[in-house]
Amino acid sequence: MLHQTRTEGSSPPRTPQRLYSGVPPAGVVRGATRKMVGGATPPPVAINKVLDAWNEMIENENHSLRDRVSDLEKKVHEQNDEIMCLRSTLADVLRRLSTVEGASRVSNSHSIGRATPTKEAGIRLRHQNNDIRDSSKRASSYVPGRSTSTSHIRRGAHYQSTSSLYSDGHSSSSVSPAPSPSPTHAQAHTPTVHHHHHHAPSPTAHHHHARHTTLASPARPGPVGALNKRWASTSDFATPSRVGHAHSPTPTNSQLARRPNSGSLHNLTTLRSATSQLNLGRHGAREAQYNPDEGVVKLYLRGRPLNLYVPTALQETYSPTASTSHPPAKLKLEWVYGYRGRDCRNNVYQLPTGEIVYFVAAVVVLYNVEDQMQRHYLGHTDDIKSLAVHPNKLLIATGQTAGHDRRDARSWRLNPPADHLSPEAEEWPHIRVWDSVSLNTLHIIGISDIERSVACLAFSKADGGSLLVAVDEAPDHNMSVWDWSRGERGYKMLETKCSADQVLAVDFSPVDRSTIITCGKNHISFWSYESGMLAKRMGIFENRERPKYVTSISFTDAGNVISGDSNGNLLIWQRGGNTVSKMVRGAHDGPVFSIFVQKDGAIITGGKDGRIVEWDRELERTGNIIEVPEQYGSPRVVTSGRGSQLVVGTTRNCVLEGTFTFPMRPVMQGHTEELWALTPHPGHHQFLTAGYDRICYLWDTMAHTIVWSKDIGEHAQSAAFSSNGEIVIIGTTSGRWFVMDAETREMYSQHQDGNEPIQVLKFSPNGQYLAVGSRDNNIYVYQVSEDCRKYTRIGRCQGHASFVTHLDWSADSQFLQSNSGDYELLYWNAGLCRQIVQTSQMRDVEWASNTCTLTFATLGIWPEGADGTDVNTCAKANNTGLLATGDDFGKVKLFSSPACHQKARCLEYGGHSSHVTSVGFLHDDSRLITTGGRDTAVMQWVVSPTSPSASQR
């Protein structure tokens, strides 16, 4: 009996194995058995009670353990968030210190004539820093025999364009392509790399051009400044030494002489200028010829001569090949309007510094909504199609498409150039990994490995972001896995054909380092890689309806995959498997575009039905729903913002912010289709744009917001403000044009001139006439009355053999000059609507504007051998002696006005990825506005005057 009592009272030791086994120890069962004497069988009820008590104890222990583990995980996540915020704050502080230190270095070097002070105090510090780099590049020249190694960072083609953090106005910080001097001053003996570029916005034109920009790459050897040493100590990057070198300033000539391997940096800068000079003349077109007796200069476009009459005051001294100086100002990208959400996914993220990062055209925008400040990464040369943020929230990877003439890279992949970082190479699709604080390019990946464009990108998560996966948009949809930090161009670990169908998304598992998920048309695939091999398992839908598209994927905190499809369903795939464990039918009415898992485990989805829905961990609705207004489009991507806010990118190229409590508000809006119409306001810091999406926007350049928008119901082609700014005219592709109040948007009248697009609209300087240039080859002239609200046609100017492209009024409102699609320059008596045949009589006429691209004042904007349609648009500044142009290659160029010498020097800027359709100065010449065609981007550039000495170099 004592033995029985002792056995019953004793408790088994709690070992981990017994705690989780679920089976009571043998001693307990034996003790219960000994209670029965005489060999009697113990009652089953007693054994069951012991087992139940034991199981209850195990369950309580397990529940307690799970709670403790959950609490620990929560604390770890909170600490990680705190660490991330501290690191990002430190990065932001370092960026600001970099600006201040750069300004102090500029102030020290100003005494020896390197820095160029700007007249705007608000952007003084950073512009002075820019001019040091610009003067260093202008002073350099090619030295034969020096090494052309590409191991150094190519700072020659980029300059830091960053407004002062202490400026009064809104500003931006950009890494912009370097202003390129005219090919006239390139070294004739420099070797060249021929590169053909084709683009045809007009069905009647076939374009050829040489395109030259520089591919930035991190520097290997070289000194590291004090700020760079501090960067290395932050441990924010996998390779801190590389980041430090990326901050190295451009070396001066004296530094080049002391450093034996620095010639490559210097030589590559001049190589681009020489390449431009030699390539532009490859068509064999003759230079402009000048006849001083008649005062006529002949410009040859595609072998056709165009006679341009030299003003009387210049006849004796004029020479078309005379050297010119640089323009007396430069441009800095201040603001970008627009976002690419119509055909791209997973491309909006909130950084810990408070900036929203997204892209449009060839620009990555880092937008701080609270401070109303933008910074821009301008390393890409063509359309950006994908974006991924590193787990440390500081590094960003972006992938671009092939250039206009590089749509098929198969032949080039078989025989790639020896130098993958050549000017030609950067036209090919590739991935750039860059620092979101300094905007320096760290690695350039995938040149010669990606055929068409980078459709999807993702960093690994379980190992801290050491790997990068990319999916090519080529027919085979190749997927490649990269050790991105290994070398300047990374190291490709694996590559395989992903799917014969379109791939929409790719992502690493957050808990399994070797697991990758892809989804798209007719598939969801589960990949695992080991020992250099990729194994693929297709998702099995079993008896569930198979969707045409799996449109989005995400992961729960347990590692399960959540997918959304074109049927509006949500599915959960068990971790490690390829079968469905749970399905929610009809989560959305239409495709599920985005799935976002919050830190607390809640799930948020966005669909084509315009709804944003919140779900709990078990995919049960919480009741929180946001209805996105139809005018903004459907939510394409949903991510977390500050606090409880959500950041949403939409299919109509808008970025929204809001919560389930407060309605969504737009922080960025843009056009969704091809954009052509631009007109600055004649008296305010505003401008109007309109495009094929039928929407007109009036923008405020100081507040960086939309004043109003209006749907006109037709594709817009052109626009013009009246002289007093009270009326705006919108021309459409159907030959109809509307008269609208610029404040109330009230439509006063509409008119029809032919059935072809209205290419150009222009009020006369005195406000009494309106000229309407049509694609039907005619110019219609109207008399304006009743405060620009009544229009009476007085005639039609007939004589062009092709469609009218540009026109200008004379300063006295008596004459018109116009260009056409077959490179004509004609003059007209506006009151009589008759052509002036004796064009020599017009040589001394003063023109109120200069938007015609084929005139004596614009002779210098045409490079040698250029097609007559290469330059789409130009505009003369009102009072500052500047002329801006936009071309078919996404370039904005700034000249001195008039640009009447054939090899006029200019500054060249990138950012647009499509043909630049229109440029225009604000009324006070403080800013230049440019519009892209198919990239739908609107860009605002600050015009910063330079000193006379800087413009002469």
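Every value quoted in this text rests on a predicted model; they were computed, and no experiment measured them.

Analysis parameters
Position numbers for residues count from 1 along each chain, tracking the sequence in the order it is written. Given that the model is predicted, a residue must reach a pLDDT of at least 70 before its local features are reported, and side-chain atom pairs must reach 80 or more before they are shown or counted; all residues, however, enter totals for whole chains, interfaces and linings. Calculation of side-chain values draws on the structure's entire complement of heavy atoms; hydrogens and water are dropped beforehand. Strands are runs of DSSP state E lasting at least two residues, helices are runs of H or I lasting at least four, and both sets are numbered from the N terminus onward. With a 1.4 Å probe rolled over the protein chains alone, any residue whose accessible area is under 20% of its type maximum counts as buried; one over 50% counts as exposed, and the rest are partly exposed. Whether two residues are in contact is decided by their heavy atoms: any pair within 4.5 Å suffices. For the area figures, the Shrake-Rupley method with a 1.4 Å probe applies, and any residue is considered shielded solely by the protein chains shown. When a carboxyl oxygen of Asp or Glu lies within 4 Å of a side-chain nitrogen of Lys or Arg, that pair is called a salt bridge. Stacked, tilted and edge-to-face pairs are distinguished by plane angle, under 30 degrees for stacked and over 60 for edge-to-face with tilted covering the rest, among Phe, Tyr and Trp rings (Trp via its six-membered ring) whose centres lie within 6.5 Å. Strands are treated as partners if at least two bridges between them are detected by DSSP. Candidate patch residues must exceed 30% relative accessible area and have no salt bridge, after which like charges are joined if within 9 Å and Val, Leu, Ile, Met, Phe, Trp or Tyr side chains if within 5 Å. When charges are tallied, Lys and Arg are placed among the positive residues and Asp and Glu among the negative ones, while His and the ends of the chain are skipped. The atoms used to mark charge sites are NZ of Lys, CZ of Arg, CG of Asp and CD of Glu. Confidence of the predictor in every single residue is expressed as pLDDT, which spans 0 to 100. Take the buried Ala, Val, Leu, Ile, Met, Phe, Trp, Tyr and Cys residues and link them wherever side-chain atoms come within 4.5 Å; each set so joined is a nonpolar core. Axis lines are fitted through C-alpha atoms, for helices just across the contact stretch, and the angle between N-to-C directions can take any value from 0 to 180 degrees. The term polar contact refers here to a pair of N or O atoms within 3.5 Å; inside protein, the definition further demands a hydrogen-donor-capable atom paired with an acceptor-capable atom, and it admits residues adjacent in sequence only when both atoms are side-chain atoms.

A few words now on the overall build of the protein. When you go through the protein residue by residue, the secondary structure sums to eleven helices and 57 strands. Taking all 953 residues of the protein together, the buried fraction comes to 59%. A separation threshold of at least 6 residues defines the contact pool for the protein, and within that pool the share at least 24 residues apart is 55%. With the model as given, the accessible surface of the protein reaches about 37,800 Å², and the carbon-plus-sulfur share is 49%.

What the rule picks out here adds up to 22 salt bridges. Across the pair Arg375 and Glu355 runs a salt bridge, and its minimum N-O distance is 3.0 Å. Here the residue Arg375 occupies a position in strand S10 (residues 373–377), and Glu355 occupies one in strand S8 (residues 355–360), the gap between them amounting to 20 residues. By the burial criterion, Arg375 is buried, and Glu355 matches it. The residue Arg513 makes a salt bridge to Asp463 at a minimum N-O spacing of 2.8 Å. Residue Arg513 is found in the loop between strand S19 (503–508) and strand S20 (515–520), and its partner Asp463 is found in the loop between strand S15 (454–459) and strand S16 (468–472); the two are separated by 50 residues along the sequence. With relative accessibility at 40%, the residue Arg513 sits in the partly exposed group. Taken together, the shared-partner salt bridges connect Arg340, Asp343 and Asp383 into one network.

Before going further, it helps to examine unusual backbone geometry. The omega angle of the peptide bond from Ser897 to Pro898 is 0°, so this bond is cis rather than trans. Tracing the sequence through the fold places Pro898 in the loop between strand S53 (892–896) and strand S54 (906–909). Despite not being glycine, Ser813 shows a phi value in the positive range, around 65°. As for its placement among the helices and strands, Ser813 is situated in the loop between strand S47 (804–809) and strand S48 (815–820). Its relative accessible area of 6% is what places Ser813 among the buried residues.

For the rest of this paragraph, the subject is the environment of Leu678. Counting through the fold element by element, Leu678 comes out in strand S35 (residues 675–680). Classification of Leu678 as buried rests on a relative accessible area of 10%. Between the C-alpha atoms of Leu678 and Gln717, which are 39 residues apart in sequence, the distance is 9.1 Å. Residues within four places of Leu678 in sequence aside, it is in contact with Phe687, Leu688, Thr689, Ala719, Ser918, Val919, Gly920, Ile929 and Thr931.

So, on to the packing of aromatic side chains. Applying the stated criterion across every chain yields a total of 18 aromatic pairs. Where Tyr337 meets Trp699, the ring centres are 4.7 Å apart and the plane angle is 55°; that geometry is what we call tilted. Of the two residues, Tyr337 is situated in strand S6 (residues 329–337) and Trp699 in strand S37 (residues 695–700); the sequence distance between them amounts to 362 residues. Pair check on accessibility: Tyr337 and Trp699 agree, each one buried. A centroid spacing of 6.0 Å and a plane angle of 25° characterise the contact between Tyr827 and Trp847, whose relative ring orientation is stacked.

Taken together, four strands build an open sheet; the order of strands is S47-S48-S49-S50 and the sheet is antiparallel. The sheet is open, and its two borders are formed by S47 and strand S50 (834–835), each paired with just one other strand.

What follows covers a negative patch on the surface. A cluster of acidic residues, Glu726, Glu743, Glu786 and Asp787, forms a negative patch on the protein surface. On the basis of relative accessible area, Glu743 is assigned to the exposed category, the value being 68%.

With six of its six residues buried, strand S55 (residues 916–921) lies for the most part within the structure. Of the strand pairs in this sheet, S55 and strand S56 (residues 927–932) are connected by five bridges, and their pairing is antiparallel. Its bridge partner being in S56, Val916 is matched across the sheet by Gly932. Here S55 folds back onto S56 in antiparallel fashion, the turn holding five residues, of which Asp925 has a positive phi close to 60°.

The next subject is the pairing of S35. Across five bridges, S35 lies against strand S36 (residues 686–691) in antiparallel orientation. If you follow Thr679 over to S36, its bridge partner there is Leu688. Here S35 folds back onto S36, and the loop between the two strands holds five residues.

Taken over all residues, the pLDDT of the protein has a mean of 79, while the share at 70 or more is 72%. Taken as a whole, residues 109–285 scores under 50 in pLDDT and shows 424 contacts with residues more than four places along the chain or in a different chain. Across residues 405–415, where pLDDT falls below 50, the model places 28 contacts with residues more than four positions away in sequence or in other chains.

The subject of this paragraph is the nonpolar core. With 47 residues, the main nonpolar core has Leu331, Tyr358, Tyr367, Phe921, Leu928, Met939 and Trp941 as its most contacted residues. Among the elements that make up this core, the one with the highest residue count is S6 (six residues).

What follows covers the sheet that holds S55. Ordered in space as S6-S57-S56-S55, the four strands form an open sheet in which the pairing is antiparallel. Looking at the sheet topology across the chains shown, the edges are occupied by S6 and S55. Averaged over all neighbouring strand pairs, the angle between strand axes comes to 25°, with direction disregarded.

Further remarks concern the environment of Asp700. Within the element layout of this structure, Asp700 appears in strand S37. Residue class for Asp700 comes out buried when judged on its relative accessible area of 18%. A sequence separation of 13 residues divides Asp700 from Phe687, and the C-alpha atoms of the two residues are 6.9 Å apart. In this structure, Asp700 is in contact with Tyr337, His685, Gln686, Thr705 and Val707, ignoring residues within four places of it in sequence. Within the structure, the side chain of Asp700 is placed 2.9 Å from the backbone nitrogen of Met702, a separation counted as a polar contact.

Turning our eyes to something else, we now look at the environment of Gly590. Positionally, Gly590 belongs in the loop between strand S26 (580–584) and strand S27 (592–597). Assessed through its relative accessible area of 17%, Gly590 is described here as buried. On a C-alpha basis, the gap between Gly590 and Asn567 in space is 5.7 Å, while along the polypeptide they are 23 residues apart. Excluding its chain neighbours within four sequence positions, the residues that come into contact with Gly590 are Asp565, Ser566, Asn567 and Gly568.

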